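# Results of the structural survey
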Amino acid sequence: MKKFALLLTLALPMVIASCGDDNDVTLSLNQSNITVNYDGTATLTASEKNVNWGSDNEFVATVDKDGKVEGQHVGTCTITATKNGETATCTVNVVPTDNSFKMPYLVWHATKQQIINNFTGFQLRENNDENSVAYFTNVANSTLPGYLYSLNNGNYTGLYQSTLLVDEDDSLKAYQWLEQYYNEVSTDNDEDFIYADKDKNEVAVLGAIVDEDGETVLGWGAFWTAPDYTSTKSVNAVKEGKVAARNLLKNK
């Protein structure tokens, strides 16, 4: 009996030490930074089992119970694993899969000079003034693709920024590009495709540029409206942009 008690006494410190080691384990992930394509996936592995997974921006990327990350839209977010009060994180960069469409200069309230500097290789059309629509057309053939920007009295980009397209093949490229960055939310009476950002602001429209007869399609336009403008201003801006685009396409 004394021998058994002695063995038990010697074993207790070992048991306590072992439990202490378990509690000191720090939760970690196999990667701290990953890059995922739009609509692509990657799997994160935690050092502990049965962790809870979460994303701080599911518009950019989601994660399931097994640590599988899926890219939803281009951007950056943080994936977090938690267990017993411990956390481990991984930065996820979602990049576009399709780069066939040229991204416009999406800097709200940029100065006119910033826009001009950005479009090296394009020319500013003559039929504009300091506070009106400025057209940028391809220098090589003076037609399309082109860019147009509305300038307010403060000499900033304001109501819209857009890319003009020639045909339906170009519009398909724009569509594939837009869905990587925004959610398609609806179509309007003109059958324009409308897109929203993560805050549900309507920020982009893709639609046909129709002649005054209402039937002849002159081309396609992709329009961006600044998120800090109201819905009414954005709608009016798109209408203004489509008229300007129609005039440009008719005179190309």
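It should be noted that the structure appears before, not after, this text.
Thresholds, definitions, all that
Residues numbered from 1 in each chain as written. Predicted model: local features only at pLDDT ≥ 70, side-chain atom pairs only at ≥ 80, totals over all residues. Heavy atoms only, no water. Helix = DSSP H or I, 4+ residues; strand = E, 2+ residues; numbered from the N terminus. Buried < 20%, exposed > 50% of the residue type's maximum accessible area, 1.4 Å probe, protein only. Contact = heavy atoms within 4.5 Å. Areas by Shrake-Rupley, 256 points an atom, 1.4 Å probe, with all protein chains shown as cover. Pairing = 2+ DSSP bridges. Polar contact = N/O pair within 3.5 Å; in protein donor to acceptor, adjacent residues only side chain to side chain. Salt bridge = Lys/Arg side-chain N within 4 Å of Asp/Glu carboxyl O. Axes fitted to C-alpha atoms, helices over the stretch in contact; angles between N-to-C directions. Disulfide = S-S within 2.5 Å. Expected span 1.5 Å × (residues − 1).

## Comments concerning the overall build of the protein chain
Looking only at helices and strands, the protein chain has four helices and 15 strands in total. Put simply, the protein chain has 252 residues, and 38% of those count as buried. For the protein chain, long-range pairs separated by at least 24 residues make up 49% of all intrachain contacts whose partners lie at least 6 apart in sequence. Accessible surface computed for the protein chain: about 14,100 Å², of which carbon and sulfur atoms make up 49%.

## As for the pairing of strand S6 (residues 75-83)
Here strand S3 (residues 52-55) runs beside S6; their pairing, made up of four bridges, is antiparallel. Its bridge partner being in S6, Ser-55 is matched across the sheet by Ile-79. Bridge analysis of S6 against strand S7 (residues 86-95) gives nine bridges, and the strand direction is antiparallel. Paired with Ala-81 across the two strands is Ala-88, which belongs to S7. Following S6, the chain reverses through two residues before pairing antiparallel with S7; Asn-84 in that reversal takes a positive phi of roughly 50 degrees.

## Some points on the side chain of Ser-55
Among the structural elements, Ser-55 can be located in strand S3. In this structure the side chain of Ser-55 is engaged in a polar contact, spanning 3.2 Å, whose partner is the backbone nitrogen of Asn-57. At a separation of 2.8 Å, a polar atom in the side chain of Ser-55 contacts the main-chain carbonyl oxygen of Ala-61. Sequence-distant contacts of Ser-55, defined by excluding residues within four places in its chain, comprise Ala-61, Val-63, Cys-77, Thr-78 and Ile-79.

## Regarding the pattern of salt bridges
Tallied over the entire structure, the rule returns three salt bridges. Lys-65 serves as the salt-bridge partner of Asp-66, at 3.4 Å between the closest nitrogen and oxygen. A salt bridge links Lys-198 to Asp-199, with the nearest nitrogen and oxygen atoms 3.5 Å apart. Assessed through its relative accessible area of 48%, Lys-198 is described here as partly exposed.

## Quick notes on unusual backbone geometry
Only a minority of non-glycine residues have a phi that is not negative, and only a minority of peptide bonds are not trans. Even without glycine at this site, Asp-39 takes up a positive phi of about 70 degrees. Here Asp-39 shows up in the loop between strand S1 (33-37) and strand S2 (41-43). In the Ramachandran plot, Asn-50 falls in the positive-phi region, its phi being about 55 degrees despite a non-glycine side chain. By the element assignment, Asn-50 lies in the loop between S2 and S3.

## Remarks on the sheet that holds strand S5 (residues 68-71)
Taking strand neighbours across the sheet as the criterion, the three strands line up as S2-S5-S4 in an open arrangement whose pairing is antiparallel. Each edge of the sheet is formed by a strand with only one pairing partner; in this case those strands are S2 and strand S4 (61-63). Between one strand and the next, the sheet's axes are offset by a mean angle of 20 degrees, whatever the strand orientation. Inspection of the sheet shows S4 paired to S5 by three bridges, in the antiparallel sense. Looking at the pairing, Ala-61 lines up with Gly-71 of S5.

## Observations regarding the state of the cysteines
Summed over all chains, the structure comprises zero disulfides. Note on Cys-77: no disulfide assigned, nearest cysteine sulfur contributed by Cys-90 at a separation of 8.7 Å.

## Observations regarding helix H3 (residues 168-181)
Between the first and last C-alpha of H3 there are 20 Å, a value that for 14 residues agrees with the 20 Å anticipated at 1.5 Å per step. Listing the buried residues of H3 in full gives Ser-171, Ala-174, Trp-177, Leu-178, Gln-180 and Tyr-181.

## Side note on the sheet that holds S7
Spatially, four strands are ordered S1-S7-S6-S3 in an open sheet, and the strand pairing comes out mixed. On the outer flanks of this sheet lie S1 and S3, each paired with one strand and no other. The sheet shows a mean angle of 25 degrees between the axes of neighbouring strands, direction not considered.

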